[in-house]
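So the chains spell out like this:
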Amino acid sequence: MSYKEKATKSTELEKDNKYFDKLVTLLLLIGIIIISGFLLYSILNPEPGDVSFGILNSEKEAGNYPTSVELGNNISFFLTVNNYFNREFSFRIELLISNDTVITLPSNRLYARSILNTSTLTIHRYSSWVSNRFDVSFTEPGDNQTIIAELWEINDDFPGKFFTSLYLRLNVTI
């Protein structure tokens, strides 16, 4: 290979390297702009949040729930609502008793009997609420007796919008 051919190839290789460097630089800038756009969007439009609804046992702990009870004896528990929305959350709670094995959302009033409705409660954003103790007893024995707690969001519509429900399934003995 002659000196002239080597010089020509070297010049072409330098041009290719310069073109490649420009292309990589351009792609990096485009990537930085796209990532910056995603970061800016996520900062300006945060997640809307959520509400958690829970049952606590008689010692205000999650877990160790009773699975059976004697007829006429009380089951004691607490309910908790945690607001992770970026706004206030107004709600009410309805307690129901059912002896049906099928749980529907919201509960089918043909198979569930309402035993308590709370007044409207409001908790501020990023706040928690724990109820007073609820004591519920059953008047009929049977397997799969259910205590259902429904959380209803209060808005302009009556009776509000069904949000979620929880339940405790018990065997009621004599």
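Relevant structure appears above.
Heads up: these notes are all about the structure in this document. (Residues numbered from 1 in each chain as written. Predicted model: local features only at pLDDT ≥ 70, side-chain atom pairs only at ≥ 80, totals over all residues. Heavy atoms only, no water.)

## Some remarks on unusual backbone geometry
In the Ramachandran plot, K60 falls in the positive-phi region, its phi being about 60° despite a non-glycine side chain. Tracing the chain through its elements places K60 in the loop between strand 1 (51-56) and strand 2 (68-70). Here the phi dihedral of N144 falls at roughly 60°; this positive angle occurs in a residue that is not glycine. Residue N144 is classed as partly exposed on the basis of its relative accessible area of 29%. (Helix = DSSP H or I, 4+ residues; strand = E, 2+ residues; numbered from the N terminus. Buried < 20%, exposed > 50% of the residue type's maximum accessible area, 1.4 Å probe, protein only.)

## Quick word on the packing of aromatic side chains
Summed over all chains, the structure comprises seven aromatic pairs. Judged by centre distance (6.5 Å) and plane angle (90°), the rings of F85 and F163 are edge-to-face. Note that F85 is positioned in the loop between strand 3 (75-83) and strand 4 (89-98) and F163 in strand 10 (residues 161-173), a separation of 78 residues in sequence. For F85, a relative accessible area of 11% puts it in the buried group. (Phe/Tyr/Trp six-rings, centres within 6.5 Å; stacked < 30°, edge-to-face > 60°.)

## A short note on the pattern of salt bridges
Opposite charge on two side chains permits pairing when their charged atoms draw close. Summed over the entire model, instances satisfying the criterion amount to three salt bridges. Two residues, R87 and E153, come together in a salt bridge whose shortest N-O distance is 3.2 Å. Note that R87 is positioned in the loop between strand 3 and strand 4 and E153 in strand 9 (residues 142-153), a separation of 66 residues in sequence. Note that R133 and D135 form a salt bridge whose closest N and O atoms lie 3.2 Å from each other. D135 sits in the partly exposed class, given a relative accessible area of 36%. (Salt bridge = Lys/Arg side-chain N within 4 Å of Asp/Glu carboxyl O.)

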